[in-house]
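Here are the chains, one letter per residue:
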Amino acid sequence: MAVRSLRGRSERLIPASLEECFAVLAGVERWPDWISTLRSLEVLESDSSGRPSRVAMEARVLGLTLALAATVEVTAREGVAIRRVPHGDDDPERFELVIALADVGGGARASAELSAQLEVPRLLPLPGVAADQAAARVLADLERRLRG
């Protein structure tokens, strides 16, 4: 296995209000219902307001199953940040997905930034656009969820 670095970004105008977009993102427990790559999510800890702050997730990305513990930070009306919790100081793997929202009048602009350092098989072809595609997929899933 080799540690590979990925960085990607995507942006999308979503024909739904900022409040509607935020409500879907803030519903952490419901993410597996609409994020197509997310297979399961278990809330491990909640903050003082009852929002999930630490979760265990399993996702299927690039043909690989990724199981990780992550912190979840929901920022009022602005978006969400998911960060992998390392197993220790010598753990080289990192994962961060930040989804930000902005009101654009008549809709919301959603952006997703993904950065990761993941152990993957050496011979697995990993195109440079893989992280951009993964970020775009989450935003497409968000729009699909909002359209019903």
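One structure accompanies this document, and this report is about it.

**Describing the nonpolar core**
- Among the nonpolar cores identified, the biggest contains 40 residues, and W31, L97 and I99 are the most heavily contacted of them.
- Setting aside chain neighbours within four positions, we find L97 in contact with V80, A81, I82, A112, E113, L114 and V138.

**Observations concerning the layout of surface pockets**
- Space inside the largest pocket adds up to approximately 480 Å³.
- Elements with a contribution of two residues or more to the lining of the largest pocket: α2 (31–34), β3 (52–61), β4 (64–75), β5 (79–84), β6 (94–103), β7 (108–120) and α3 (130–147).
- At six residues, α3 tops the list of elements feeding residues into the lining of the largest pocket.
- The residue inventory of the lining of the largest pocket, partitioned by class, reads 27 nonpolar, two polar and two charged.

**A short note on α3**
- For α3, built from 18 residues, the straight-helix expectation of 26 Å at 1.5 Å per residue is met to within 8% by its first-to-last C-alpha distance of 26 Å.
- Among the residues making up α3, those that are buried are A130, A131, A135, V138, L139, A140, D141, L142 and E143.
- At the exit of α3 stands G148, carrying a positive phi of roughly 85 degrees.

Rules and cut-offs
Residues numbered from 1 in each chain as written. Predicted model: local features only at pLDDT ≥ 70, side-chain atom pairs only at ≥ 80, totals over all residues. Heavy atoms only, no water. Core = buried A, V, L, I, M, F, W, Y, C linked by side-chain atoms within 4.5 Å. Buried < 20%, exposed > 50% of the residue type's maximum accessible area, 1.4 Å probe, protein only. Contact = heavy atoms within 4.5 Å. 1 Å grid on protein atoms, 1.4 Å probe; cavity = no way out; pocket = protein on both sides within 12 Å on 5 of 7 lines; lining within 4 Å. Points joined across faces, edges and corners; volume = space filled by probe spheres on them. Helix = DSSP H or I, 4+ residues; strand = E, 2+ residues; numbered from the N terminus. Nonpolar A, V, L, I, M, F, W, Y, C, P; charged D, E, K, R; others polar. Expected span 1.5 Å × (residues − 1).

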